[in-house]
There are 2 protein chains.
Amino acid sequence: MIARQTTVQTDGSAQCGMHAGERCALCKVRPVSICAALDSKELCALDALAQQSVFEPKSTLFIQDEPASTVFNITEGVVRLYKLLPDGRRQIVGFALPGDFLGLAMADRYGCSADAIETVRVCRFSRIAFGAFLDEKPHLLRRLHEFATHELSLAQDQMVVLGRRSAEEKVASFLVGLQNRLARIGAVSATVPLAMSRQDIADFLGLTIETVSRTLSRMAREKMLVIVPGGVRLLDPKRVEALAAR
Amino acid sequence: MIARQTTVQTDGSAQCGMHAGERCALCKVRPVSICAALDSKELCALDALAQQSVFEPKSTLFIQDEPASTVFNITEGVVRLYKLLPDGRRQIVGFALPGDFLGLAMADRYGCSADAIETVRVCRFSRIAFGAFLDEKPHLLRRLHEFATHELSLAQDQMVVLGRRSAEEKVASFLVGLQNRLARIGAVSATVPLAMSRQDIADFLGLTIETVSRTLSRMAREKMLVIVPGGVRLLDPKRVEALAAR
DNA sequence: ATCCCACATTGATCCTGGTCAATTCGGGGT
DNA sequence: ACCCCGAATTGACCAGGATCAATGTGGGAT
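These lines cover the structure that appears in this document, whether it is placed above or below. (Residues numbered from 1 in each chain as written. Chains lettered and ligands numbered in written order. Predicted model: local features only at pLDDT ≥ 70, side-chain atom pairs only at ≥ 80, totals over all residues. Heavy atoms only, no water.)

1. Notes on the overall build of chain A
A count of helices and strands for chain A gives seven helices and twelve strands. Going through the 246 residues of chain A one by one, you find that 51% of them count as buried. Sequence separation of 24 or more characterises 70% of the internal contacts of chain A that already satisfy a separation of 6 or more. With an accessible surface of roughly 11,200 Å², chain A has 53% of that area assigned to carbon and sulfur atoms. (Helix = DSSP H or I, 4+ residues; strand = E, 2+ residues; numbered from the N terminus. Buried < 20%, exposed > 50% of the residue type's maximum accessible area, 1.4 Å probe, protein only. Contact = heavy atoms within 4.5 Å. Areas by Shrake-Rupley, 256 points an atom, 1.4 Å probe, with all protein chains shown as cover.)

Shown next as structure tokens:
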């Protein structure tokens, strides 16, 4: 049940003149979406708080209801966030991609469990230290609040998907949503890479693995997409988007 | 499509020596759950920004995707928050009770539509003015951020309900969840008052009105509850909670 | 009181997606 | 090459909840 976690050498020399909005392979801290709120001095201060680590596939980052000690920023790989019911049913509440924060709630305990689907690289912050840093930078807190409300908006969209859409619409909106998120972090492609298993997709969409499989097959048969190893290529994006339309 | 909104006389004389955490019938501002973060001087400053209004049953507070001009704090009544699909299907993403904030996302546009189920009293703040006030009070922003993440947590719990629970479990968790929220704002009772229609409950739980009705009838037949005018009385709270168990 | 109308309940039937079961596929190890 | 094992696909059947339709109920207007 304990995260099998490998802390990478801290590489304390990784100083860099990173500009706001720019990515930098040397910096430990690469929170793509908040750096706009920080100047380079602040980024370096944040960098000093960061620890890099790597999580192997299937290893656990944190577990629901356990004390929240750490804030994570993903630099590489995909993480699934989920809740379990007592009888073992699982609902995946989201997939976290590079650039995303985990544990931002700054609550005492984690609200859900998280584990690595692929090999995942993160930088970690002590929740206490991160909170203190935040107290010094109200504009950063503001930015983070915007993040949290964006997450809320995503969650509400997913409530619509879970409550009011057919299996085919669910799968279509999943594919389109994932493609859009990947595009926003720079991975543009007609082929949507699916790091997660069919079971993960099913548990995200409130379906069974068989229904996901059948639905993808049917969409392939109807020339909307082709199933390729490790993902799906959209042949008729228009038609898929129409199904996903909100 | 425009909110039929009646602005009540502003009652500018409503000054009071309200203490943190205390409720006050005279103050315009009674944001039950944030006042802990404000001293009485700050509360008076916030009070000066507030405008009271009343919304008639079925009137609209705001509409999804329209420019967000106003932040609301509910002082009385129940509001439904929902998203519509192009074909008219509706998903209610939450019910807002007295003490709750609406429009807190501080985003440019509202993420969902909101309308009054009963007669609703609110106090309104200009989003701009509220944002400026927030910039002066980082600790208040912090509090608000905690709120937003609590909302997120509620939304994720609801995702589990929508994706992984049977009709009976959905209805049970709705009743228990509502009862708990009412208890937290001081309305403790074995009878859960249901201000919302069966259609509203159905659209919240991802069911049809018929299934909600049948499920309540069955639970009544099995002596778990009695259906009373305007609500439901739990006869066997233990059994209902067991169905709702997370 | 009576009518009206929206809301709620109940019943009969249908259909989407779940369940159970049998293959098939694909990657890794020897 | 071969086997192995977990993941995915496909098929046959089932059931929970949706749909369609009829009936009941309660509050407001006249």
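2. Looking at the protein's contact with DNA strand D
For DNA strand D, the set of nearby residues contains 14 residues, the closest of which are Arg198, Ser213 and Ser217 of chain A together with Ala167 and Thr211 of chain B. In DNA strand D, atoms within 4 Å of the protein come from the sugar-phosphate backbone in 61% of cases. Contacts to DNA strand D include threonine 208 of chain B, whose side-chain N or O atom sits 3.0 Å from a phosphate oxygen. Contact distances for DNA strand D include 3.0 Å between a base nitrogen and a side-chain N or O atom of glutamate 210 of chain B. If one sorts the elements of the surface near DNA strand D by residue count, helix α6 (residues 209–221) of chain A sits on top with four residues. Considered class by class, the residues forming the surface near DNA strand D number two nonpolar, seven polar and five charged. (Near = heavy atom within 4 Å. Polar contact = N/O pair within 3.5 Å; in protein donor to acceptor, adjacent residues only side chain to side chain. Nonpolar A, V, L, I, M, F, W, Y, C, P; charged D, E, K, R; others polar.)

3. Regarding the relation of the copies chain B and chain A
Placing chain B over chain A gives an RMSD of 0.0 Å and needs a rotation angle of 180°, together with 0.0 Å of translation along the axis. Accordingly, the operation relating the two chain copies is best matched by a two-fold axis. Looking at the interface residues of chain B, 98% of them are also at the interface in chain A, so both copies use one shared face. (Least-squares fit on C-alpha atoms with pLDDT ≥ 70 in both.)

4. Quick notes on the protein's contact with DNA strand C
Looking at DNA strand C, there are 15 residues lining it, with Ala167, Thr211 and Arg214 of chain A together with Arg214 and Ser217 of chain B nearest. Looking at DNA strand C alone, sugar and phosphate atoms form 62% of those within 4 Å of the protein. Take serine 213 of chain B: an N or O atom from its side chain is 2.8 Å from a phosphate oxygen of DNA strand C. Separating a phosphate oxygen of DNA strand C from a side-chain N or O atom of serine 217 of chain B is a distance of 2.5 Å. Mapped by element, the contributors of at least two residues to the surface near DNA strand C are α6 of chain A together with α6 (209–221) of chain B.

5. Examining the packing of helix α1 (residues 40–49) of chain A against helix α2 (residues 127–136) of chain A
Residue and element names in this part refer to chain A. Look at α1 against α2: their axes get within 10 Å of each other, and the N-to-C directions meet at 165°. Taken together, the axis directions place α1 and α2 in an arrangement best described as roughly antiparallel. Between α1 and α2 lies a crossing of right-handed hand. Listed contacts from α2 to Glu42, Ala45, Leu46 and Leu49 of α1 are Ala129, Phe130 and Phe133. (Axes fitted to C-alpha atoms, helices over the stretch in contact; angles between N-to-C directions. Parallel < 35°, antiparallel > 145°, perpendicular 65-115°, else oblique. Left-handed = near helix turned anticlockwise from the far one by under 90°.)

6. Re the nonpolar core
Formed by 42 residues in total, the largest nonpolar core has its most connected members in Leu61 of chain A together with Leu61 of chain B. Those residues in contact with leucine 61 of chain A that lie beyond four places of it in its chain are Phe55, Phe72, Val79, Leu102, Ala114, Asp115, Ala116 and Val122 of chain A. Counting residues in each nonpolar core, the second largest holds 34 residues, with Leu46 and Cys123 of chain A together with Leu104 and Phe147 of chain B among its members. (Core = buried A, V, L, I, M, F, W, Y, C linked by side-chain atoms within 4.5 Å.)

Spatial relationships are all this shows, so hold off on functional conclusions.
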